[in-house]
Amino acid sequence: MSRKKRLAIVNLAAFVATVCVAIHAHSQAPVRQIPVPSPPMGWSSWNSFSNTITSQIVMDQAKTMATSGLENAGYDYINIDEGWWLGKRDADGNIVIDDNAWPPVALNDLPGDMGSVVRFIHNLGLKAGIYTDAGKDGCSMTPDLGFAYHDVGSYGHYEQDFLQFAKWGFDYVKVDWCGGDKENLDPAVQYAEIARAIAHAEKVTGHRLYFSICNWGKLSPWTWAPHIDDVSANIWRTSGDIVDPIVASGIHADRKASFDKVLANFDQGIHPEAQHTGAYNDPDMMVIGMPGLTDKQNRVHMSLWAISGAPLLVGADLTKLTPDTINLLTNPEVLAIDQDSAGLQAVKVAEPATGLQVWSKPLTRAGTRAVLLLNRTPADHDIDVHAADIGLADQSRMTSRDLWSRSDLGNFDKTFAVHVPGGEAALLLVSGVDVPAVQFKPDGVTPGHPLCRGCDVHFSKVGAHAEWARIRVTYTNPDKGSRFAELHVNDQVGTRIAFPPTGATPGAITVQALFDRKGATNVLSFSLDRDVMPAITSIDVE
Ligand code: GLA
């Protein structure tokens, strides 16, 4: 059974547990939590192959993913990054591929047909990703190959290129911003246009491209990228690259990744208000297994990405991973934190002394939190976990489990401490009882209004126990696909939420929002400028 299927069963068990706990607490059936798409897991060619990427390298990586335990653990994307195309188009503007780098893979395949390598990847049960730039030019400035190829972007060819990617059978596309930046384009405008090109390609081919936006956090993509132009799941980069490529045979083979940059990218990737319902902040491909980090730092890196609910894209050469690194990448309990079907991000809930941080990620199962105790100081310290800080009721008995040693730490009342060596982190699963939620009904629109075109569903006078509120939104969406609505909290920038189908009976999704007004004075509104909103009937706020 694949890791994804096993995770689905775990999530189902979690859902049953949620139902039981909440029925007990409120003696009425709670609305079921609708699972949202998890962040993507896979491999990307850039960090270890730069623009030396070829069909043979891709096939070797795919074979290793399928046979090393990575695929079983849930890693399934093989993503080809920059360097696959040298900027040539034919008279009709179609992309022309270098036949030598991309020869036919199977009998009857043609040279220069990217569909050939996609079929190879699919035959291993994996998915395939491709890369372009939103501008006319691409990045192509990395000296690993000695050449800079120009015009390797899709500007002016969006519909044509994304249709081509879908026709080749790709499942994922990363769209960079080097050209967009140089050409002074507006990322929110260009990426929305690309989203429309992706939707068009899906309409023509029936094949959906997962949308990965890469503009390194410029102009705050977390404010406009979630579900851009009604894309039902997507990711956006929040910072620059952790490291420039380290190609083993190249002139920068002695380059090293730095742990400080891993920490910096983690910090820059935290935007919990934007990470919900299948849209994810992307702090970059992981450098685990590449030169530069110690084993302990690799483990912290994995813990940081898991608590963030970040895309897990391995940048190392998979054929050279040690068994220890593979174990680190495939720890099922750590992956379950990253892939949790509520799709939320961690919030920093305490920093009792500078550099001693407590991060908490709410999970689907009621009363559970992933907790990261991050010691950014050089000295060893005990770090306390308080039930109240992580949104658990003070009187609840907590149990704690160390996800790296995969051992239970025991039962605790209100608080417990964990010893964390300097520069390291503990990743825990903590279970208890949630602080009871308070339910609010809309006061701006008839509850359950079935057709809400360009209208608002208002909740005023909303309060929460914590500054970062967790909000379960109960709604109905009888359609086959997601509906959307923009959530505004007070005067903050809105965030576009996807409401997956529920059938005829209500379901719930969960988001996090910063309540920047004290007490029950926060105002929430869900609105939409086009199409049909889901019928939102109540919110439960913790
Ligand atoms: C940018 C991106 C990287 C990679 C390179 C390719 O730097 O951030 O992830 O795609 O471009 O040139």
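It should be emphasised that the depicted structure is a prediction, and the values quoted were computed from it without experimental measurement.

Examining the site of the ligand
Stage number 1. The ligand sits among W46, D81, E82, Y131, C139, K174, D176, C214, W216, R237, D241 and M285.
Stage number 2. Contacts to the ligand include K174, whose side-chain N or O atom sits 2.7 Å from an oxygen atom.
Stage number 3. Protein contacts shield 94% of the accessible area of the ligand, which totals 310 Å² for the unbound molecule.
Stage number 4. Among the residues forming the shell around the ligand, the class breakdown is six nonpolar, no polar and six charged.

Quick notes on the state of the cysteines
Stage number 1. Per the counting criterion, the structure on display carries one disulfide.
Stage number 2. Two residues, C139 and C178, share a disulfide whose sulfurs are 1.9 Å apart. Note on the C139 and C178 pair: the S-S dihedral is about 85°, so by sign convention the disulfide is right-handed. Of this pair, C139 sits in the loop between β4 (127-133) and α6 (158-168) while C178 sits in helix α7 (residues 178-182), and the two are 39 residues apart along the sequence.
Stage number 3. A residue is classified by how much of its surface remains accessible, and C139, at 12% relative accessible area, is buried.
Stage number 4. We classify C178 as buried; its relative accessible area is 8%.

A few points about the side chain of N477
Stage number 1. Within the secondary structure, N477 sits in the loop between β20 (468-476) and β21 (483-489).
Stage number 2. Owing to a relative accessible area of 0%, N477 belongs among the buried residues under this scheme.
Stage number 3. Of note is the side chain of N477, whose polar atom sits 2.9 Å from the backbone nitrogen of D479.
Stage number 4. Aside from chain neighbours lying at most four places away, what touches N477 is S482, R483, F499, P500, P501, T502 and G503.

Brief notes about the sheet that holds strand β23 (residues 507-514)
Stage number 1. One open sheet accounts for five strands, arranged β1-β23-β20-β25-β18; its pairing is mixed. Of all strands in the sheet, those bounded by a partner on one side alone are β1 (32-33) and β18 (438-440).
Stage number 2. Sheet topology note: the β20/β23 ladder contains eight bridges and is antiparallel. When the bridges of β23 are listed, R470 appears paired with Q512.

Quick look at the pairing of strand β16 (residues 415-420)
Stage number 1. Burial along β16 is one-sided: the residues F416, V418 and V420 are buried and none of T415, A417 and H419 is.
Stage number 2. Here strand β13 (residues 381-386) runs beside β16; their pairing, made up of six bridges, is antiparallel. In the strand pairing of β16, I383 is matched with V418.

Examining the pattern of salt bridges
Stage number 1. Per the stated rule, a full pass over the model turns up 29 salt bridges.
Stage number 2. Residue D109 is joined to R119 by a salt bridge in which the shortest nitrogen-to-oxygen separation is 3.0 Å. Pair noted here: D109 is in the loop between β3 (77-79) and α5 (114-123) and R119 is in helix α5, with a separation of 10 residues, a long-range link.
Stage number 3. Classification of R119 as partly exposed rests on a relative accessible area of 39%.
Stage number 4. Residue D137 pairs with K182 through a salt bridge whose shortest N-O separation is 3.2 Å.

Comments concerning the confidence of the model for the protein chain
Stage number 1. The pLDDT averaged across the protein chain works out to 92; a share of 92% of its residues lies at or above 70.
Stage number 2. A low-confidence stretch, residues 1-27 stays under pLDDT 50, and its non-local contacts, those more than four residues away or across chains, total 32 contacts.

What counts, and where the lines are drawn
- Residues numbered from 1 in each chain as written.
- Predicted model: local features only at pLDDT ≥ 70, side-chain atom pairs only at ≥ 80, totals over all residues.
- Heavy atoms only, no water.
- Near = heavy atom within 4 Å.
- Polar contact = N/O pair within 3.5 Å; in protein donor to acceptor, adjacent residues only side chain to side chain.
- Areas by Shrake-Rupley, 256 points an atom, 1.4 Å probe, with all protein chains shown as cover.
- Nonpolar A, V, L, I, M, F, W, Y, C, P; charged D, E, K, R; others polar.
- Disulfide = S-S within 2.5 Å.
- Helix = DSSP H or I, 4+ residues; strand = E, 2+ residues; numbered from the N terminus.
- Buried < 20%, exposed > 50% of the residue type's maximum accessible area, 1.4 Å probe, protein only.
- Contact = heavy atoms within 4.5 Å.
- Pairing = 2+ DSSP bridges.
- Salt bridge = Lys/Arg side-chain N within 4 Å of Asp/Glu carboxyl O.
- pLDDT = per-residue confidence, 0-100.

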